[in-house]
Amino acid sequence: SGIKIVPGTGMKVIAVDTNVVPLGTKVYVEGLNGAGNYGYATAADTGSAIKNNKIDLYMDTHSEALSWGVKYVNLYILGE
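Residues numbered from 1 in each chain as written. Predicted model: local features only at pLDDT ≥ 70, side-chain atom pairs only at ≥ 80, totals over all residues. Heavy atoms only, no water.

Enquirer: Sorry if this is basic, but what is going on with unusual backbone geometry here?
Expert: Among all residues except glycine, the phi angle is most often negative; among peptide bonds, the trans geometry is most common. For N52, which is not a glycine, the phi torsion comes out positive at approximately 60°. Among the structural elements, N52 can be located in the loop between β3 (39-45) and β4 (56-57). Residue N52 is classed as exposed on the basis of its relative accessible area, which comes to 56%. (Helix = DSSP H or I, 4+ residues; strand = E, 2+ residues; numbered from the N terminus. Buried < 20%, exposed > 50% of the residue type's maximum accessible area, 1.4 Å probe, protein only.)

Enquirer: For this particular structure, what's the right way to read the environment of Y72?
Expert: Here Y72 is to be found in the loop between α1 (62-68) and β5 (73-79). Here the alpha-carbon distance between Y72 and M59, two residues 13 residues apart in the chain, equals 17 Å. Beyond its immediate stretch of four places on either side in the chain, Y72 contacts G31 and L32. (Contact = heavy atoms within 4.5 Å.)

Enquirer: Looking at this model, I keep getting lost on the nonpolar core. Mind explaining?
Expert: Nonpolar side chains in soluble globular proteins tend to end up buried together. Counting residues in hydrophobic clusters, the biggest one holds 11 residues: I14, V16, V21, V27, V29, Y38, A41, A43, L57, M59 and W68. Residue assignment for this core shows that the elements contributing at least two residues are β2 (26-31) and β3. With near-sequence residues (within four places) excluded, V16 lies in contact with V21, L23, A43, D45, T46, I50 and I55. (Core = buried A, V, L, I, M, F, W, Y, C linked by side-chain atoms within 4.5 Å.)

Here it is as structure tokens:
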């Protein structure tokens, strides 16, 4: 999408399947079963493995990504 991610600023960006969620869409990512929430984010990226209802969350560090792991979440579409 061309968005410039600046680590350490709290930016939250997710990768989506654009057939499901258009780029630029504002969303809220809620973790299920006590998993914690990613929070408010923008759909601003895609990926070859991101198909259908899968998303990928941007994390500032590798350790944050490992700590989050793989989770089931609710994704709320807030608007474009």
